[in-house]
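What follows is the residue order along each chain.
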Amino acid sequence: MQQIPVDTVGATLMVAQPPQPKYANQKTQERAADRQTGELLVTLDVLFVKDGNAEVVKVTVGESSISGELAIGTPVALTGLIARPWENEFNGQKRHGISFRAVAATAQSVGAPKSAKAA
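Residues numbered from 1 in each chain as written. Predicted model: local features only at pLDDT ≥ 70, side-chain atom pairs only at ≥ 80, totals over all residues. Heavy atoms only, no water.

> Any chance you could explain the overall build of the chain here in plain terms?
Assigned secondary structure in the chain consists of zero helices and eleven strands. When the helices and strands of the chain are listed from N to C terminus, the series reads β-β-β-β-β-β-β-β-β-β-β. In summary, the chain has a C-alpha radius of gyration of 15 Å against a globular reference of 14 Å for 119 residues, a match within 12%. Dimensions of the chain, computed from C-alpha atoms along their principal axes, come out at roughly 50 × 30 × 25 Å. For the chain, with 119 residues in total, the buried portion stands at 31%. Across the chain, every contact between residues at least 6 apart in sequence was considered, and the portion connecting residues at least 24 apart equals 63%. Here the chain displays about 7600 Å² of accessible surface, and carbon together with sulfur accounts for 52% of that area. Side chains of the chain carry 12 positive and 11 negative charges; the gap between the two charge centres is 2 Å. (Helix = DSSP H or I, 4+ residues; strand = E, 2+ residues; numbered from the N terminus. Rg over C-alpha atoms; globule rule 2.2 N^0.38 Å. Buried < 20%, exposed > 50% of the residue type's maximum accessible area, 1.4 Å probe, protein only. Contact = heavy atoms within 4.5 Å. Areas by Shrake-Rupley, 256 points an atom, 1.4 Å probe, with all protein chains shown as cover. Lys, Arg positive; Asp, Glu negative; His and termini not counted. Charge placed at Lys NZ, Arg CZ, Asp CG, Glu CD.)

In C-alpha cells form, the structure reads like this:
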C-alpha cells in the first residue's frame, strides 16, 4: 500500500477531539489492533493549520504512543505522520479517501515546537 509522508514543519497542530478507541467492528465493539504488533489503536482528531488553511484530520496512533494530556486545544506533535489513500466498495457504493497514521502523538507545552517532521 502506498504511504505518503506528511511534512508538518510550519504547521500548527492542535487536539480537536481527545483520543478515542478505534474499533474494527463497531457493532461488536471489537477493538482495532496494529497488524504487525497487535497493539490496540486509538484515533485522535487534530486541527491541522498551514498556509492559511485549516482542516480537522483523524489520525490513528498506537495506544501506548500517546504521551501527555491530549485535551481539546492542546498543541500536539505527530511523529512519523503518513497519509494512505484508500478505496473500497460497500453495499454497491464505491468509496475512497485518505487515512492518516502517526508513530506517536505528544502533547506540547506552550512555547515548545508544535510540529515534528514526518519520518
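> Is there a simple way to think about the pairing of strand S10 (residues 93–101) in this case?
The side chains of a regular strand alternate between both faces of the sheet. The pairing of strand S6 (residues 53–62) with S10 spans two bridges and is parallel. Bridge pairing in S10 links Val59 to Phe100. Two elements, strand S9 (residues 82–90) and S10, share nine bridges in a ladder whose sense is antiparallel. Residue pairing for S10: Trp86 is matched across the bridge by Gly97. Where S9 folds back onto S10 in an antiparallel hairpin, the turn is made up of two residues, including Asn91, whose phi is positive at roughly 55 degrees. (Pairing = 2+ DSSP bridges.)

> Would you take a moment to explain the nonpolar core for this structure?
One recurring pattern in soluble globular proteins is that nonpolar side chains are buried together. Formed by 19 residues in total, the largest nonpolar core has its most connected members in Val46, Val59, Val76 and Leu78. Those elements that place two or more of their residues in this core are strand S2 (12–21), strand S5 (41–50), S6 and strand S8 (76–79). Top contributing element to this core by residue count: S5, with four residues. Once residues lying within four places of it in the same chain are set aside, the contact partners of Val59 are Val42, Thr43, Leu44, Val46, Leu78, Leu81, Phe100, Arg101 and Ala102. (Core = buried A, V, L, I, M, F, W, Y, C linked by side-chain atoms within 4.5 Å.)

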